[in-house]
Amino acid sequence: MTTATAATGSKRNTLTAGQLSKWAPWVTLAASFALAAGLFMLVAVASSTDFSWAGVAIVGYILFLIILPVVSRIVEGGRKAMDRFMTGLVTGAFLLAFIPLLSLMWTVVSEGAARFDVQYFTESMRNVVGEGGGAIHALVGTLLVTLGATVISVPVGIFTAIYLVEYGRGWVAKGITTLVDIMTGIPSIVTGLFAFALFSLLFSDPGYRSGIGGSVALSVLMIPTVVRSTEEMLKLVPNELREASYALGVPKWLTIVKVVLPTALAGIATGVTLAIARVIGETAPLLIIAGFTASMNYNLFSERMMTLPVYVYNQYIAPGMNVSAAHERAWTGALTLILIVVVLNLIARLVAKIFAPKAGR
Amino acid sequence: MSSAPAAASPKLRAKGRPADIIFQGISTFAGISILVMLGLVAIFLVVQSIPAFGPDFDVKGTSNFLEYVGPLAFGTVWASFLAMIMAVPVAIGIALFITHFAPRKLASTIGFVIDLLAAVPSVVFGLWGANVLAGFMKPAYAWLSDNLGFIPLFAGTASGTGRTILTASIVLAVMVLPIITALSREVFLQTPRLHEEASLALGATRWEMIKMAVLPFGASGIVSASILGLGRALGETMAIAMVLSPSLVVSFILTSGTNPSTIASNIALSFPEAHGNEVSALIATGLVLFIITILVNGLARWLLGRNPRTGGAK
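The residue count restarts for each chain, going from 1 along the sequence in the order it is written. Just so you know, chain letters begin at A and ligand numbers begin at 1, following the order they were written in. The predicted nature of this model means local features are confined to residues of pLDDT at least 70 and side-chain atom pairs, given and counted, to a pLDDT of 80 or more, with totals for whole chains, interfaces and linings taken over all residues. Where side-chain values are given, they derive from all heavy atoms of the structure, hydrogens and water being excluded.

K.L.:
Explain the side chain of Thr-150 of chain A to me, please; I cannot follow it from the model alone.
P.N.:
Residue and element names in this part refer to chain A. Put simply, DSSP H or I for four residues or longer makes a helix, DSSP E for two residues or longer makes a strand, and each gets a number counted from the N terminus. Tracing the sequence through the fold places Thr-150 in helix α6 (residues 136–167). We call a residue buried when its accessible area falls under 20% of the maximum for its residue type, exposed when it is over 50%, and partly exposed in between, using a 1.4 Å probe and counting protein chains only. Under the relative-accessibility criterion, Thr-150 is labelled buried at 16%. Any two residues having at least one pair of non-hydrogen atoms within 4.5 Å are treated as being in contact. Apart from residues no more than four positions distant in its own chain, Thr-150 is found in contact with Pro-155, Met-222 and Ile-276.

This is the structure:
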C-alpha cells in the first residue's frame, strides 16, 4: 500500500521504469557507427591511408554489440542485456548474408551489361580472337543438353514416384527411397566422371566427348529431384478420389492416369521446372563429358558441345589474346545464366499458383 | 452379424487386366532402373579407376595413389571445415531471424531471397569469388599476416592476389548457407507453439525462450542440416577450381598464395588435358569423393531418422 503511493508520488511510470526506451538501440547503433567512422578517419589522416568502409562497418557493429548490452545491463539487468545482445547478433547474421548476394547481383549486372547485345546472341566463337564473338553455340548446347536430360529424367522420375506411392511395398520400395536419398547427395563432378566412364567404355574411346553424355550426367542429378517432388505431390492427392474411382469400376492404371496424375499435375510441373533450373547451371559434369569447342554443334550424339556454364568458365580460365574482352563475355554469360534460372523459378511459381487445385473441393 | 457372408467369400482379387499389368511393369521398371543406375555409377567408377592402383603410378611427381589423393582429400576436408565454421552459425542466425525476429510480412520475402541465393549457378559464384571477393579480401590478408603472423594460421607472406583457401571457403560458405538455412527454418517452425508461449508467459525474454524451447527442439535438425550442407561443400567444384590455383600441398595457412587443392576442383582442372594413367587416377579420386559424400549424407539421414524431431519436453 505504502510502496504503491510512493511510486505514484515519484511521478515515474512503473510499467516502463527500469527499461530502455524504444529508440535506445537505434541511437546506440548510430553512435557506434559515428564513433567507428571517427576512429577510422583519425587513422586515415594519421597514416595517410585510404578510408576503409568495411572497417567502419565491422568496428561499428562490434561497438554496438558491446555498448548496448552494457547500457542495458546497468538499466535493465543481465537477462534483458543478454536478450539484446543475441537480438543484435541474429540480426547481424541476417544482414551479413545480404552482402554477398547484393555484391554478386550488382557485379553480374554491371559487368555483364557491356556485352549483353545482339552480337552476343547471334554469333559463336568460331575464328574469333580477341574482341567480338558470342555465345549462341553455348546457348544452343545448353538447351540441347538440358532437353536431353529432361527427356531422360522426367519419365523415369515420374514413373518411379508412381511406383513408390501407388505400388511399392516392402523392402524394394524402402531400398529405392534410400537410393534416391543417396543420389541427391552425389557430387555433380562424380556424375560427369560416371558418364565419361560409361561412354568411353561403350565406344572404347579414351577421349570420348559428346552432348548426350552431358545429358546422362545431368539426368543422374535431375532424377532424384523429380522423384522427390512428384512423390510429395502424389501423396497429397486424397485417397477418397482414388477410392471413388475404384468404386466406379475404373482399373487401377486408368485411375492413376485419369484421376491421380491430373490432380497432381501442377505440382509435378512445378517440380520439373525447378529441377531443370537446378541442372541448367551445372558446370562440372559438362566440363568433363561435353568438353569445350568454339563452334556450333547441333548434334547431341557426336563431337564436343559447348554449354553456357562451361563457356563462362572457359572464357575466364583461358581468356586468350584479349583478357578484358573474354572476361566481359564471361560476365555476360553469367548474367544470361542467372536470368534463365530466375525466369524458370518464376515460371514454376506461376504454374503452381495458376493450376493449383481449388481448395475445399 | 453381417460377418457371415464376408467370412464365407474367398479372398477377392482384382481382375488381372493387361493394361494394369503393363502399367505396373513400367512403374516397377522405372523404380528398379534407379537401383541399376546407382549400381552402374559405382561399377563404372571402380572399373575405370583400377589402373590407378597399379605399381607404375606416376602422376604429378607422386609415386602411388595414396600419395596423390592424400593432399587432395586433406584440402577437401579443410576447405569444407572452414566453410562450415562460417556458414553454420550465420545460417542458424538467419533461420532464427526469419522465424522469430522478423515481421511476418518481411519473413516470406527473405525466404524467397535466400532461395534465390540457392538458385545461383556455381560457376557464377566462382567468377564472383575470383574477381570480386579475392580483391576485397586482399588487404585483409596483408593486415592479418603483418599483425597476426605469429599465429600459425596466418604465417608467411600474404597472397598477392587474395585467391587463398580462406577466400574459397567463404565462397563455399555462401553456397551452402541457403541449404542449412532452409532446413533449420523448417525445423524451427515446427517447434510447438505452446512451448514457446509457455516460456514467454513465465517471463522469459525472447532469447531465453529460443534457448529453452526452440534450440533444444531443433538440435538434431540443425545437426543433420549442417551435415547435409557439409555434403554439398565437399562435392562443390567450380567455386574452388576458379578461385584457387592448385598445388599438391598440405598446409593449414589461410592467407598464403600456395594452397591445397580439393578432389573435385583438381578433377575439373586436370581432366580436360589428362590422358592415360592420369584419367584413371582422377576417376579414382572421384570414387574416393563419392564414398566420402555417401558416408557424410548417410550420417545426416541416420541422425534425422534416429531422432525424429521429438525435442526435449514431450
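K.L.:
Got a minute to help me understand the nonpolar core in this structure?
P.N.:
If you look at soluble globular proteins, the nonpolar side chains tend to sit buried side by side. Core analysis: the biggest nonpolar cluster contains 177 residues, and Ile-189 of chain A together with Val-124 of chain B have the highest contact counts within it. A total of 21 residues in this core trace back to one element, the largest contributor, which is helix α3 (residues 65–101) of chain B. Residue ranges for the domains trace back to a domain assignment, done automatically or taken from a database. Of the residues that make up this core, three or more belong to each of domain 1 (18–115) and domain 2 (121–354) of chain A. The residues touching Ile-189 of chain A, leaving out its near neighbours within four places in the chain, are Ala-284 and Ile-288 of chain A together with Thr-237, Ala-264, Ile-267, Ala-268 and Leu-289 of chain B. Each nonpolar core is a collection of buried residues, namely Ala, Val, Leu, Ile, Met, Phe, Trp, Tyr and Cys, held together in the definition by side-chain atoms within 4.5 Å.

K.L.:
Would you take a moment to explain a nonpolar patch on the surface for this structure?
P.N.:
Put simply, a patch holds well-exposed residues, over 30% relative accessible area, that have no salt bridge, with like charges counted together within 9 Å and Val, Leu, Ile, Met, Phe, Trp or Tyr side chains within 5 Å. Computed with a 1.4 Å probe, the accessible areas rest on the Shrake-Rupley method; for each residue, only the protein chains presented here act as cover. Salt bridge, as used here: a side-chain nitrogen of Lys or Arg that lies within 4 Å of a carboxyl oxygen of Asp or Glu. A surface patch of nonpolar side chains, about 780 Å² in accessible area, is lined by Leu-35, Ile-58, Ile-62, Ile-66, Ile-67, Val-70, Val-71, Ile-74 and Val-75 of chain A. At eight residues, the largest contribution of residues to the nonpolar patch is made by helix α3 (residues 53–76) of chain A.

K.L.:
It is not clear to me how the UniProt feature "transmembrane region" (unreviewed entry) in chain A should be interpreted in this structure. Could you clarify?
P.N.:
Residue and element names in this part refer to chain A. UniProt positions are given in the numbering used here, feature names are shortened, and annotations may be inferred rather than shown by experiment. Look at the UniProt record and you will see "transmembrane region" (unreviewed entry) annotated at residues 23–45, 51–75, 87–109, 135–164, 176–203, 253–277, 284–301 and 330–352. Helix makes up 96% of residues 23–45 and strand 0%, whereas the separation of the span's terminal C-alpha atoms amounts to 33 Å. Between the C-alpha atoms that bound residues 176–203 the distance is 30 Å, and the span itself is 86% helix and 0% strand.

K.L.:
Sorry, what's going on with the layout of surface pockets here?
P.N.:
Taken as a whole, the second largest pocket encloses approximately 2300 Å³ of empty space. A cavity here means a set of 1 Å grid points, computed over protein atoms only, where a 1.4 Å probe fits but cannot escape. A pocket is an open set with protein on both sides within 12 Å along at least 5 of 7 lines, and lining residues have an atom within 4 Å of a point. Contributing to the lining of the second largest pocket are 47 residues, with Thr-184, Thr-225 and Arg-278 of chain A together with Ala-118 and Ile-179 of chain B lying nearest its centre. Every element with two or more residues in the lining of the second largest pocket is listed here: α7 (170–184), α9 (211–236), α11 (252–280) and α14 (323–354) of chain A together with α4 (104–119), α6 (165–189), α8 (206–235) and α11 (277–306) of chain B. Lys, Arg, Asp and Glu make up the charged group, whereas Ala, Val, Leu, Ile, Met, Phe, Trp, Tyr, Cys and Pro make up the nonpolar group; the residues left over, Gly among them, are polar. A breakdown of the residues in the lining of the second largest pocket according to their chemical character gives 21 nonpolar, 14 polar and 12 charged. Grid points are joined across faces, edges and corners, and a volume is the space filled by probe spheres set on the points.

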